[in-house]
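Close look at the chain arrangement
Here are the chains, one letter per residue:
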Amino acid sequence: MAASATQSWVDAQSYPFQHNYLQVQGGRMHYVDEGRGEPFLFIHGVPTWSYLWRHLIRGLSSDYRCVAPDLLGFGLSSHSPDTPQTAYAHCHTIGQLADHLDLRDITLVLHGFGGPIGLSLAQERLDRVKRIILFNTWMYDISADPAIEKAGKAFAGGFGHFLFVNMNSSPKLLSQMAGDKSHLSDDFCRAIAGPLENKDARECAWSATRQIFEGGPFFNEIWVDRDKLRETPMLLVWGMKDPVFGEKHLNRIWHEYPLADVERIEQAGHLPMEEAPPQVFTALANWLSGVETKPFRLI
C-alpha cells in the first residue's frame, strides 16, 4: 500500500514537486525528478522521506537535475511489512531507479541510513558517480558504539517494536536528535509524521531501524572497500550537536578521506539540512562552484 500524494501532510507549497513512480522489486517507488543538468541523487534515512531534501532540491534544480526517491516503506512509496528493509535491499532498488533514469556523473547526497545505501551503490558503480556529499552518517559496523549499543538494546527487540508500531515513537526520537527542536518547522514535523499514520509504514520504520544495529556485516563490506572512493570528490556536512552521529563519526570518515571538504554546522544536530538550510545550501554552492555563492531563499 502506498500513501496518496493528496494526503493532507503532503504540502504543495513547501513540496511543490511532480510525483513520479516506478515499479521496482518489492513495491512501487515514489520519486522526485526536478531540473536539468548533471544529476544529484538524494537518499534519505529513517524515518524520513524525500521531503527532507526539499530546500536543496528547490535551490539546486535551476542548475542540476535533482532525483530524490522515497525508500520502499517510506514517504509516498508503497508500505508493506514484507518489504526487506536491509541496506542491501534498498541499495538494489535505488540502483534499479538509477538504471531506469540512466543517471550518469551522479552527485550522491546521503544522510543517516541512506549513507551506507548510497556508498555501497557508489562502490558498485564507480563509473557513474562523480561526487559524494555526506550528512551525519556512517560506513562501518557501529553496533559496538556505546550510544548505538544502548539504543539497540532498547529498540531492536519486542519493546522497541511496541514503541515504534504501537506508540509511533520514531518521529519523536528523530526530533530528539536535533540540536534545537525549535529549528524543526511545523511543516517538517507534520510531513515526517504523516506517512507513519499507516501501521505498515511504522513496521517498515522499525525494521529499518533494526538494521542500524544488526547490519554490521553489510556495513563492514563498505568499510573494507573504502579505498574505492578515495579519488571521488567528497563533502562532509555535519551537524555537530548530533547525539549519535556527531563529531566522532565525522572524524572517522574524514580520517579515511583526508582530501574531503568539511562543513561543520555547529548549531545543528542530526538534521542540518532542516535545522540550518541556508548555511547548508551555501556550503554546497561554494563547494560546487569553488568561487561564488548563489542566493538562497526559504519559501
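Each chain carries its own residue numbering, running from 1 in the written order of its sequence. Side-chain atom pairs in this predicted model are given and counted only at pLDDT of 80 or more, local residue features only at pLDDT of at least 70, and totals for whole chains, interfaces and linings cover all residues. Side-chain metrics rest on all non-hydrogen atoms present in the structure, leaving aside hydrogens and water.

Concerning the side chain of Ser 50
- As for its position among the elements, Ser 50 is in the loop between strand E3 (39-43) and helix H1 (54-60).
- Summary of the burial criterion: residues with accessible area below 20% of their type's maximum are buried, those above 50% are exposed, and those between are partly exposed, where the area comes from a 1.4 Å probe applied to protein chains only. On the basis of relative accessible area, Ser 50 is assigned to the buried category, the value being 0%.
- By the criterion applied in these results, polar contacts are pairs of N or O atoms within 3.5 Å in which, for protein atoms, one can donate a hydrogen and the other can accept it, and in which residues neighboring in sequence qualify only through two side-chain atoms. In terms of polar contacts, Ser 50 uses its side chain to reach the side chain of Tyr 15, at 2.7 Å.
- Residue contacts are defined here by distance: any two heavy atoms, one from each residue, within 4.5 Å place the two residues in contact. With residues up to four places along the chain from it excluded, the contact list for Ser 50 reads Tyr 15, His 30, Val 32, His 44, Ala 68, Pro 69 and Asp 70. In DSSP terms, a helix is any run of H or I states spanning at least four residues, a strand is any run of E spanning at least two, and both are numbered starting from the N terminus.

Focus: the sheet that holds strand E4 (residues 65-69)
- In this analysis, strands are considered paired if DSSP registers two or more bridges between them. Spatially, eight strands are ordered E1-E2-E4-E3-E5-E6-E7-E8 in an open sheet, and the strand pairing comes out mixed. With partners counted over all chains shown, the strands left at the sheet margins are strand E1 (20-24) and strand E8 (261-265), one partner each. The sheet shows a mean angle of 20° between the axes of neighbouring strands, direction not considered.
- To get an axis, a line is fitted to the C-alpha atoms, and for a helix only the part in contact is used. The angle between two axes follows their N-to-C directions and goes from 0 to 180 degrees. With respect to the sheet, helix H10 (residues 247-256) is in contact with strand E6 (129-135), strand E7 (234-239) and E8, its orientation differing from that of E7 by roughly 170°.

So, the confidence of the model for the chain
- For the chain, per-residue confidence averages 93 on the pLDDT scale, and 96% of positions sit at 70 or higher.
- Scored from 0 to 100, pLDDT reflects the predictor's confidence in each residue. Across residues 291-299, confidence stays below pLDDT 50; counting only partners more than four residues off in sequence or on other chains, it has 18 contacts.

A closer look at the nonpolar core
- Throughout, nonpolar core names a set of buried Ala, Val, Leu, Ile, Met, Phe, Trp, Tyr and Cys residues whose side chains join them through atoms within 4.5 Å. Counting 61 residues, the largest nonpolar core has Leu 41, Leu 108, Ile 132 and Leu 134 as the members making the most contacts within it.
- Looking at this core, the element that brings in the most residues is helix H8 (residues 199-214), giving six residues.
- Each residue touching Leu 108, except ones within four places of it in the same chain, is listed here: Leu 41, Ile 43, Gly 118, Leu 121, Ala 122, Val 129, Arg 131, Ile 132 and Ile 133.
- In this structure, Val 10, Leu 60, Val 109 and Phe 281 belong to the second largest nonpolar core, which totals 40 residues.

Thoughts on the packing of helix H2 (residues 87-100) against helix H3 (residues 114-124)
- Running from N to C, H2 and H3 cross one another at 60°; their axes reach a closest spacing of 9 Å. Regarding the angle of H2 to H3, the classification is oblique. Classified by chirality, the crossing of H3 by H2 is right-handed. The residues of H3 that touch H2, namely those facing Ala 87, His 90, Cys 91, Ile 94 and Gly 95, are Ile 117, Ser 120, Leu 121 and Glu 124.
- In the scheme used here, Gly and all other residues not listed as nonpolar or charged are polar, with Ala, Val, Leu, Ile, Met, Phe, Trp, Tyr, Cys and Pro taken as nonpolar and Asp, Glu, Lys and Arg as charged. Looking at the contact of H2 with H3, its residues break down into five nonpolar, three polar and one charged. Each angle receives one of four descriptions, namely roughly parallel if under 35 degrees, roughly antiparallel if over 145, roughly perpendicular if within 65 to 115, and oblique otherwise. In this scheme, a crossing is called left-handed if the near helix is turned counterclockwise away from the far one by less than a right angle; it is called right-handed if the turn is clockwise.

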